[in-house]
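Here are the chains, one letter per residue:
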Amino acid sequence: MGLVAAGTAHAQAAWPDKPLRIMVGASPGGGTDILARMLADKFAPDFKQSVVVENRPGASNTIAADLAAHAAPDGTTLLLATNTGQAIAPHLLKLKFDPLKDLQPVGLVAVMPNVLVVSAASPYRSVQDLVAAMQASPGHLKYASSGVGSTQHIAGEAFSLATGTKAIHVPYKGSSQAHIDIIGGEVTMMFDSTSSAMGQIRNGKFRALAVMSDRRAAELPDVPTMAEAGVKGADVQTWYGLYVTAGSPKAATDALAAELTRVLKLPDVQARIKGLGGEVGTLTGEQFAEMNRQEYERFRKLVRDANIKADGL
């Protein structure tokens, strides 16, 4: 019996039996990267394996997603993705993978409202100031994003649709350089995620004019919602979810889901996410998959209505 038990235990070796990697489709320092490194730090001790974050920015976050989708389905290649790559990019790019079929959702990590920011030195002190300037000089003001098809880009176009204005879109490969150019006055504004913008808001470099959600952000209680600022129909949020290569063993996906649930209940993790202006994810893998499908269809319509093209990707 002892030999049989030993043989069975060996055959069902605990997962994971090698290091894990978390693919990130954005540059270091942004919201996705911050959350991925937080998860990596928490996962490593529990899984007793190193967990490495790999940044592969570009192509509207889909380079990292493509690598995760085509990785060996052993549960050791993860993807921390946003709605940029999972719900927006598929309507702009010809991808070599299906984000709804080739990547299995593990769970929702966080949801962050987008926030309209300008430089602290900007003359614009309200949303109406900006709208008036955009109406006076159509196509003159510039707004930054972390790339064509990003949630920042979509938010900017949603704002233009809602206000009947037009601004010049200036895409970057990530938020870091965009922040520098906003602070320096090269670009007027950005519809950034709070996870990315909060540091600059706190250190006095950015002025927040409005959050793009149906209620005020807990970390920005004095900043109105877009609706409160007089603009309706321009709510855009950035969500972050953990995925694994489709077809990975159930033991791996179950272990990842359980670990993510545990980590998201930790007080320091909850404090970190809330400090970034967001809400902690509470959806299961199945619930998150349904949310992803709904967002996929929602952004298909928005991309069509705003006539957003893939130029610049």
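Topic: the overall build of the protein
Across its full length, the protein carries 11 helices and 10 strands. Relative to the globule expectation of 20 Å for 313 residues, the C-alpha radius of gyration of the protein, 20 Å, shows essentially globular dimensions. The principal-axis extent of the C-alpha atoms belonging to the protein is close to 85 × 40 × 30 Å. Classification of the 313 residues of the protein by burial places 55% in the buried group.

Quick word on the pairing of strand E7 (residues 189-193)
Burial analysis of E7 places 5 of its 5 residues in the buried class, which makes it a mostly covered element. Side chains Met189, Phe191 and Ser193 project from E7 onto one buried face, and the interleaved Met190 and Asp192 project onto a second face that is buried too. Relative to E7, strand E4 (residues 103-119) runs antiparallel, the two sharing 5 bridges. Residue pairing in the sheet places leucine 116 in a bridge with phenylalanine 191 of E7. Bridging between strand E5 (residues 142-145) and E7 involves 2 bridges; their strand directions are parallel. Its bridge partner lying in E7, alanine 144 is registered against methionine 190.

A short note on the nonpolar core
Counting residues in each nonpolar core, the largest one holds 50 residues, and the members touching the most others are Leu79, Leu116, Val127, Phe159, Met189, Phe191 and Met226. For leucine 79, the residues in contact, after removing those within four places along its chain, are Met23, Ala64, Ala65, Ala68, Gln86, Leu103, Gly241, Leu242 and Tyr243. Counting 31 residues, the second-largest nonpolar core is a separate cluster that includes Leu20, Val24, Val106 and Leu260.

Points about the packing of aromatic side chains
Across all of its chains, the model carries 6 aromatic pairs by this definition. Ring geometry for tyrosine 143 versus phenylalanine 191: centroids 5.7 Å apart, planes at 80 degrees, classification edge-to-face. In this pair, tyrosine 143 sits in strand E5 while phenylalanine 191 sits in strand E7, placing the two residues 48 residues apart along the sequence. The class for phenylalanine 191 is buried, based on a relative accessible area of 1%.

Here's the deal with the side chain of threonine 32
Considering the arrangement of structural elements, one finds threonine 32 in helix H2 (residues 31-47). Dropping the residues within four chain positions of it, threonine 32 is found in contact with Val24, Ala26, Leu80, Thr82 and Tyr240.

Things to note about the confidence of the model for the protein
When pLDDT is averaged along the protein, the result is 91; 95% of the residues meet or exceed 70. In this model residues 1-12 is a low-confidence stretch, pLDDT under 50, and it forms 0 contacts with partners more than four residues away in sequence or in other chains.

Quick word on helix H7 (residues 175-183)
Every buried residue belonging to H7 is among Ser175, Ala178, His179, Asp181 and Ile182, and all of these are buried. Within H7, the buried residues cover an arc of 165 degrees as seen down the axis, which keeps them to one side. Those residues of H7 hidden inside the fold are in contact with E4, E5, helix H6 (151-163), E7, helix H8 (194-202) and strand E8 (206-211). Immediately downstream of H7, the backbone of glycine 185 shows phi near 85 degrees, a positive value.

Quick notes on the packing of H6 against helix H11 (residues 285-305)
Packing of H6 against H11 leaves a shortest axis separation of 10 Å and a crossing angle of 60 degrees. Considered as vectors, H6 and H11 are oriented oblique to each other. Here the hand of the crossing between H6 and H11 comes out left-handed. In this structure, H6 uses Ile154, Ala158 and Leu161 to contact H11, whose residues at the interface are Phe299, Leu302, Val303 and Asp305. Classifying every residue of the contact of H6 with H11 gives 6 nonpolar, no polar and 1 charged.

Digging into the pattern of salt bridges
For the coordinates displayed, the defined rule picks out 18 salt bridges. Among the charged side chains, a network of salt bridges with common partners joins Arg21, Glu54 and Arg56.

What to know about the pairing of strand E9 (residues 237-245)
Burial runs high along E9: 8 of the 9 residues are buried. In this structure, E4 lies alongside E9, joined through 9 bridges in antiparallel fashion. Paired with alanine 110 across the strands is tyrosine 240, a residue of E9.

Quick notes on unusual backbone geometry
Following tryptophan 15, the chain continues to proline 16 via a peptide bond in cis, the omega torsion being 0 degrees. Examined against the element boundaries, proline 16 turns out to sit in the loop between helix H1 (2-11) and strand E1 (20-24). We note that lysine 48 has phi near 55 degrees; this positive angle belongs to a residue other than glycine. As for its position among the elements, lysine 48 is in the loop between H2 and strand E2 (51-55). Note on lysine 48: relative accessible area 71%, which makes it exposed. The phi dihedral of asparagine 307 is positive, around 55 degrees, even though this residue is not glycine.

Considering helix H5 (residues 127-136)
Three or more residues of H5 are buried, namely Val127, Leu130, Val131, Ala133 and Met134. Along the axis of H5, the buried positions cluster into a sector of 165 degrees, meaning they face one direction only. Within H5, the exposed residues directed more than 90 degrees away from the buried face are Gln135 and Ala136. Those residues of H5 that are buried lie in contact with E4, H6, E7 and E8.

Scoring rules and cut-offs
- Residues numbered from 1 in each chain as written.
- Predicted model: local features only at pLDDT ≥ 70, side-chain atom pairs only at ≥ 80, totals over all residues.
- Heavy atoms only, no water.
- Helix = DSSP H or I, 4+ residues; strand = E, 2+ residues; numbered from the N terminus.
- Rg over C-alpha atoms; globule rule 2.2 N^0.38 Å.
- Buried < 20%, exposed > 50% of the residue type's maximum accessible area, 1.4 Å probe, protein only.
- Pairing = 2+ DSSP bridges.
- Core = buried A, V, L, I, M, F, W, Y, C linked by side-chain atoms within 4.5 Å.
- Contact = heavy atoms within 4.5 Å.
- Phe/Tyr/Trp six-rings, centres within 6.5 Å; stacked < 30°, edge-to-face > 60°.
- pLDDT = per-residue confidence, 0-100.
- Arc of directions from axis to C-beta.
- Axes fitted to C-alpha atoms, helices over the stretch in contact; angles between N-to-C directions.
- Parallel < 35°, antiparallel > 145°, perpendicular 65-115°, else oblique.
- Left-handed = near helix turned anticlockwise from the far one by under 90°.
- Nonpolar A, V, L, I, M, F, W, Y, C, P; charged D, E, K, R; others polar.
- Salt bridge = Lys/Arg side-chain N within 4 Å of Asp/Glu carboxyl O.

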